Amino acid sequence: MRATRAVINLNILRDNLKAIKRYIGPTVSIALSIKANAYGHGAVAVAKTAEALGITTFGVSNTDEAVELRNAGIASRILLYSLPLPEEIPVLVNEGIECFVGDEKLIILFSSEARRQNTVSVLHLKVDTGMGRIGCSPENLPPLAEEVSKNKNLRLGGICTHFPASGSTDAYFTKKQIKIFNYWVGKVRDKGILPGVLHAANSDALLTVPESHMDMVRPGLLVYGYYPDGIADSVKKKVPVKPVMEFKTKVVFLKRVKAGTPISYGMIYKTKRETVITTLAAGYGDGYNRLLSNRGKVLIRGKLYPIVGRICMDQCMADLGPRSDVKLYDDAILFGRKGSGKAENPLDADDIARMTETIPYEVTLLITKRVPRVYIV
Ligand SMILES: *Cc1c(COP(=O)(O)O)cnc(C)c1O
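The residue numbering used here restarts from 1 in each chain and proceeds along that chain's sequence as written. Local features in this predicted model are restricted to residues of pLDDT 70 or higher, and side-chain atom pairs are both shown and tallied only at a pLDDT of 80 or more, whereas totals for entire chains, interfaces and linings draw on every residue. Side-chain calculation: all heavy atoms of the structure are included, whereas hydrogens and water are not.

Our focus in this paragraph is the pattern of salt bridges. What makes a salt bridge here is a side-chain nitrogen of Lys or Arg within 4 Å of a carboxyl oxygen of Asp or Glu, nothing more. Enumeration according to the criterion identifies twelve salt bridges in this entry. Between Arg-77 and Glu-98 there is a salt bridge, with the nearest N and O atoms lying 3.5 Å from each other. Of the two residues, Arg-77 sits in strand 4 (residues 77–80) while Glu-98 sits in strand 5 (residues 98–101), which places them 21 residues apart along the sequence. A relative accessible area of 28% places Arg-77 in the partly exposed class. For the exposure calls, accessible area comes from a 1.4 Å probe over protein chains only, and a residue counts as buried if that area is under 20% of its type's maximum, exposed if over 50%, partly exposed in between. Residue Glu-98 is classed as buried on the basis of its relative accessible area, which comes to 11%. A salt bridge links Lys-248 to Asp-331; the nearest nitrogen and oxygen atoms lie 3.4 Å apart. Here a helix means four or more residues in a row that DSSP labels H or I, a strand means two or more in a row labelled E, and each is numbered from the N terminus.

Rendered as structure tokens:
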């Protein structure tokens, strides 16, 4: 066993997915966002766990991520959320990946590649109703839908959009986007074209604006056990989720030092009294953010201790105080589940995010490749 590992509890992942399913009801399906290695949790393991619960659509953000899933035997529907380069199109068509497109150029490229491979490529038209990132303008949707639907090497798999606002603080903006979306999807229907699956909601909209659910929702963050900013407690109660990942390392060195002993690079920490300093086997090379220097906390034997001094690439130190019961090779939890149980860590990725001025998405997905993912099945 490696000292530093990310423990991924697939039972919690299942519970989170079930809670989301209960909330959205039986008529709405889920496209599970497993881009960026499932936000650091391991895309293949997450996909297989979700498939066993009947979730058969996954969202990725590049061609390699899609191919990794296919190579691991994932036969489910895979949506590509970001735009491919032209040279990636042959692989995408060959692997049956359903891509988001929002302009004629890309439609033509997919069409000619699908014709060359003598197959049908499924496309989802992305409409920009307010995100300002990718997608066609709403008025362009009907002509593009017509172009896809009349092409015998293409099929319109769906129409989708994305929300930039936090529904809890700006539901009005999100609802306005939905109105625009529905209006232009109506225009597509007026042309006698079936729009396919309609989808828009990320975790935030899923929780805060029910009319965003449409045919399918595309949650990521919520599935991994975190809520977007500003979600009301009453909503959290309706969709109870818990963090899936626990980031752990081990006590690998203990030393008793005198008052005034400098700890780590830059000597930004000096012990204030005689104390025991432990060295832990994790650093920023494992994804334990260097901004946690002199700021982070670690849980050992059910007690929180401060991370002291600069975090190094491979190691960091904590001050255990003069009378600690910590032993060599004890587990040390850097973040995990919040809860009352003794083994649970009062620090989760939300707290780490606050201390490092980012969002929990980045905290879990930046756990680096060298950290083994250990699965609790
Ligand atoms: C990442 C992503 C999502 C999921 O967002 P969460 O906030 O993690 O729920 C949904 N749709 C698209 C297009 C995305 O890129």
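And the narrative resumes.
Moving on, we come to the domain arrangement of the protein chain. When cut into domains, the protein chain gives domain 1 (10–238) and domain 2 (245–376). An automatic or database domain assignment supplies the start and end points of every domain. Each of domain 1 and domain 2 has a C-alpha centre, and these two points are 37 Å apart. For the pair domain 1 and domain 2, the summed buried area comes to about 1200 Å², and 61% of that belongs to carbon and sulfur atoms. A 3.5 Å cut-off defines polar contacts: any pair of N or O atoms within that distance qualifies, except that in protein one atom must be a possible hydrogen donor and the other a possible acceptor, and neighbouring residues in sequence count only when both atoms are side-chain atoms. Our count for the contact surface shared by domain 1 and domain 2 stands at six residue pairs in polar contact (both at pLDDT 80 or more). Here the quantity called buried area is the accessible surface, traced with a 1.4 Å probe, that two parts lose on coming together, added over both.

Our focus in this paragraph is the nonpolar core. Buried Ala, Val, Leu, Ile, Met, Phe, Trp, Tyr and Cys residues form a nonpolar core when they are joined through side-chain atoms within 4.5 Å. Counting 104 residues, the largest nonpolar core has Leu-32, Ile-34, Phe-110, Leu-125 and Ile-159 as its most contacted members. Among the elements that take part in this core, helix 1 (residues 10–24) stands out by supplying seven residues, more than any other. Both domains that meet at this core, namely domain 1 (10–238) and domain 2 (245–376), each give it at least three residues. In this structure, Ile-34 is in contact with Ala-43, Val-46, Ala-47, Phe-58, Gly-59, Val-60, Leu-69 and Tyr-224, ignoring residues within four places of it in sequence. With seven residues, the next largest nonpolar core counts Phe-100, Cys-160, Val-197 and Met-216 among its residues. Note on contacts: a residue pair is in contact if any heavy atoms of the two residues lie within 4.5 Å.

So, about the packing of helix 6 (residues 104–116) against helix 7 (residues 141–150). Where helix 6 meets helix 7, the closest approach of the two axes is 11 Å, and the angle between their N-to-C directions is 5°. In this view, helix 6 runs roughly parallel relative to helix 7, as classed from their interaxial angle. Across from Glu-104, Ile-107 and Ile-108 in helix 6, the residues of helix 7 making contact are Leu-144, Glu-147 and Val-148. Grouping the amino acids of the contact of helix 6 with helix 7 by side-chain chemistry returns four nonpolar, no polar and two charged. With axes taken as lines fitted to C-alpha atoms, and helix axes fitted only over the stretch in contact, angles between N-to-C directions fall between 0 and 180 degrees. Should an angle fall under 35 degrees it is called roughly parallel, over 145 degrees roughly antiparallel, and 65 to 115 degrees roughly perpendicular, with every other angle called oblique. We call Asp, Glu, Lys and Arg charged. Ala, Val, Leu, Ile, Met, Phe, Trp, Tyr, Cys and Pro are nonpolar, and the rest, Gly among them, are polar.

Turning our eyes to something else, we now look at the site of the ligand. In these notes, residues near a molecule or strand are those with any non-hydrogen atom within 4 Å of it. Taken together, 13 residues sit near the ligand, with Lys-35, Tyr-39, Ser-203, Leu-221 and Tyr-361 positioned nearest. Separating an oxygen atom of the ligand from a side-chain N or O atom of Lys-35 is a distance of 2.5 Å. The contact in question runs from an oxygen atom of the ligand to an N or O atom on the side chain of Ser-203, over 2.5 Å. Compared with its free state, where it exposes 380 Å², the ligand has 93% of that area covered by protein. Tallied by class, the residues present in the shell around the ligand amount to five nonpolar, five polar and three charged. What sets the accessible areas is the Shrake-Rupley method with a 1.4 Å probe; for residues, cover comes only from the shown protein chains.

We now examine a nonpolar patch on the surface. Only residues whose relative accessible area exceeds 30% and that form no salt bridge enter a patch; like-charged residues are grouped when within 9 Å of one another, and nonpolar side chains (Val, Leu, Ile, Met, Phe, Trp, Tyr) when within 5 Å. A contiguous nonpolar patch, built from Val-252, Phe-253, Leu-328 and Tyr-329 and spanning about 380 Å² of accessible area, is present on the exposed surface. Judged by its relative accessible area of 45%, Phe-253 is partly exposed.

Here the focus is the environment of Pro-195. Mapped onto the fold, Pro-195 is located in the loop between helix 8 (167–190) and strand 8 (197–199). In this structure the C-alpha to C-alpha distance between Pro-195 and Glu-146, which are 49 residues apart in sequence, comes to 10.0 Å. Not counting residues up to four positions away in its chain, the partners in contact with Pro-195 are Leu-156, Gly-157, Gly-158, Ile-159, Val-185 and Arg-189.

Each aromatic pair joins two rings of Phe, Tyr and Trp (for Trp, the six-membered one) with centres within 6.5 Å, and gets the label stacked for planes under 30 degrees apart, edge-to-face for over 60, and tilted for any other angle. A full pass over the atoms with the stated rule returns six aromatic pairs. Considering the side-chain rings of Tyr-81 and Phe-100, the 5.1 Å spacing of their centres and the 40° angle between planes classify their relative orientation as tilted. Here Tyr-81, found in the loop between strand 4 and helix 5 (89–94), pairs with Phe-100, found in strand 5; they are 19 residues apart in sequence, far enough to count as distant. Accessibility classification places Tyr-81 together with Phe-100 in one group, the buried group. Look at Tyr-183 and Trp-184: their rings are 5.2 Å apart centre to centre, the planes differ by 85°, and that puts the pair in the edge-to-face class. For Tyr-183, a relative accessible area of 49% translates into the label partly exposed. Ring pairs connect the aromatic residues Tyr-39, Tyr-224 and Tyr-361, which therefore count as one cluster.

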